[in-house]
Amino acid sequence: MNEKLKEKTREALTSVLPITGIVLLLSVTLVPMEIGTLALFLTGAVLLIIGMGFFQLGAEMAMTPLGQGVGKRLMKKKNLLIIVAVCFLMGAIITISEPDLQVLADQVASIPNQVLIYTVAVGVGIFTAIAALRILFRISLSKLLICLYVLLFILSAFTPSDFIAVAFDSGGVTTGPMTVPFIMALGVGLSAARSDKDGTSDSFGLVALCSVGPIMMVMLLGIFYHPSDAVYTPVEVTEVITTQDVAKEFVLYLPHYAREVLQSMLPIIGVFILFQILTRNYHKRQILRMAVGFAYTIFGLILFLTGVNVGFTPVGNLLGSNLTQGNMKWLLLPMGMVVGYYIVKAEPAVQVLNDQVEELTGGMISHRMMNIALSGGVACAVTLAMVRVLTGISIYWIIIPGYLLALILSRIVPNVFVGIAFDSGGVASGPMTSTFLLPLAMGACTALGGNVVTDAFGIVALVALAPLIAIQIMGLIYARRERAASIPREMMEETDDDIVVEIEEE
């Protein structure tokens, strides 16, 4: 097996394994499951691991070089209209194929899947163009984010309350394993043409801005679409008896998801072919490598969606429903905390981010410190989400203070940490959040007789919010340590100057 594929599969295994272990432990203690149901879940977990391995490797081989190539070529053109048009088109097309978004769309009963997906895609396209303009015109990320979030909360006042949580969740799932590699590579390509000292730090922040667009667009959709008219249908686990029944269930749905994946990937492949014809940017070896990357992406995405929708998500829903029986409902809080801690700890993209911050700060903010901060932040976020499920409190009581704190911090921490923090929100709310935590919350909410749209949705948004605060606090610690380290140096320099003066006087 390809060494890189082994590495990506191991990363996927560490992401899925903690959740699988927790479910197995609960199934033999507090929430007994039928053997057939457990077999569906384990088979779904295996497909999820293999699919994520192929998908992440494929995205790295194809999406990253495509994003960097497009970014560099756009800067060479120096035509503002072309830059805006291409960034919009690429942002929208990449988003359509985002697996996390497709998983969320399957779970939102309010509107048809394609309507939600294309609405979110337009939002990402618009804000990809805005993010490119920010790099070109050197606009402060902090000031731009403050303006956008003020506008966002004004718009939310006119949005039906039943749709607020769904809108915020859409921002979290959009920046997933397909979109993030391309958008970050696009940012690197655009900022590479700048020779000023802020060029590197300005390459961060694209993911943050691309998370705002879907929230705004889905809020506008909620205003005109009247989502409260729809009725949520609980997910049902298919009854299976033998292992052959389990295999048949997955094989039955495989062609459906294969068709969906091919439809979403063909536009991206078309853009790649057109880009190569017009620019001759890649040589034959690169073209072959990217073609293999696209094949890996398609294969992995098919396995991922099949495993999620047939085996993983229904069991998460069932588990949430059963945990609310009797006095066990309060177990949702400690369970949410444990799952939240391990989900972010095992997310491969988060570990890459932690390494980058450790390198950037010269070891002052270590990988271990980042892990503790992020894991603790997301654990608290998931616990708060479960409190919402149990009590029905509005997401505004958490989202507004959270974003206010994040935006205030953005004005006092080093600029590079602002970009990293807001980008990391999309990184932390990875595949496991939308495939397991959201169904778990939905199942619990349904069993308690709550409103799924207002009380269960929003968990992805809270997971995406936690790193904004945690990483900026790390930025404050870094700035304080850097100032403390500079004081002795200044004192030494002053002492050296005094000695020189004394020698000269003598």
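Keep in mind that what you see is a predicted model, and the values were worked out from it rather than measured.

Procedures and definitions
Residues numbered from 1 in each chain as written. Predicted model: local features only at pLDDT ≥ 70, side-chain atom pairs only at ≥ 80, totals over all residues. Heavy atoms only, no water. Helix = DSSP H or I, 4+ residues; strand = E, 2+ residues; numbered from the N terminus. Phe/Tyr/Trp six-rings, centres within 6.5 Å; stacked < 30°, edge-to-face > 60°. Buried < 20%, exposed > 50% of the residue type's maximum accessible area, 1.4 Å probe, protein only. 1 Å grid on protein atoms, 1.4 Å probe; cavity = no way out; pocket = protein on both sides within 12 Å on 5 of 7 lines; lining within 4 Å. Points joined across faces, edges and corners; volume = space filled by probe spheres on them. Nonpolar A, V, L, I, M, F, W, Y, C, P; charged D, E, K, R; others polar. Core = buried A, V, L, I, M, F, W, Y, C linked by side-chain atoms within 4.5 Å. Contact = heavy atoms within 4.5 Å.

Asks: For the environment of Pro-160, give the residues involved together with the corresponding values.
Replies: Inspection of the secondary structure assignment puts Pro-160 in the loop between helix H6 (141–156) and helix H7 (161–174). The spatial distance from the C-alpha of Pro-160 to the C-alpha of Leu-220 is 9.8 Å, given a sequence separation of 60 residues.

Asks: Pulling in residues and values, what's your account of the packing of aromatic side chains?
Replies: This structure, assessed with the given rule, holds 14 aromatic pairs. Aromatic side chains Phe-41 and Phe-312 sit 4.8 Å apart centroid to centroid with 20 degrees between the ring planes, which places their arrangement in the stacked category. Remark: Phe-312 occurs in helix H12 (residues 284–323) and Phe-41 occurs in helix H2 (residues 35–77); sequence separation between them is 271 residues. Summarising the burial analysis for this pair, Phe-41 and Phe-312 share the class buried. Members of the aromatic cluster, joined through ring pairs, are Tyr-149, Phe-153, Phe-168, Tyr-403 and Phe-422.

Asks: Which residues make up the layout of surface pockets, and what values go with them?
Replies: Empty space among the atoms becomes apparent when a probe as large as a water molecule is rolled across them. Computed from the structure, the second largest pocket encloses a volume of approximately 400 Å³. Contributions of two or more residues to the lining of the second largest pocket are made by H2, helix H3 (80–96) and helix H11 (243–279). Across the lining of the second largest pocket, the residue classes break down as 10 nonpolar, 1 polar and 3 charged.

Asks: Provide a residue-level description of the nonpolar core, including the pertinent values.
Replies: Counting 157 residues, the largest nonpolar core has Leu-66, Phe-168 and Leu-319 as the members making the most contacts within it. Examining the composition of this core, we find that 14 residues originate from one element, H2, more than from any other. Once residues lying within four places of it in the same chain are set aside, the contact partners of Leu-319 are Val-23, Leu-26, Val-31, Met-33, Met-335, Phe-436 and Leu-440.

Asks: Outline unusual backbone geometry, supporting the account with residue identities and numerical values.
Replies: Located in the positive-phi region is Arg-138, a residue other than glycine, with phi close to 55 degrees. Here Arg-138 is to be found in the loop between helix H5 (113–137) and H6.

Asks: Got a sec to walk through empty space enclosed by the protein? Specific residues and values, please.
Replies: If you walk through the whole model with that rule in mind, you get 2 cavities of 30 Å³ or more. By volume, the largest cavity amounts to about 130 Å³. Lining the largest cavity are 14 residues, with Tyr-149, Gly-171, Ser-211, Tyr-403 and Ala-464 sitting closest to its centre. Broken down by secondary-structure element, the contributors of at least two residues to the lining of the largest cavity are H7, helix H10 (206–225), helix H17 (415–428) and helix H20 (459–505). Here the lining of the largest cavity is composed, by residue class, of 9 nonpolar, 5 polar and no charged.

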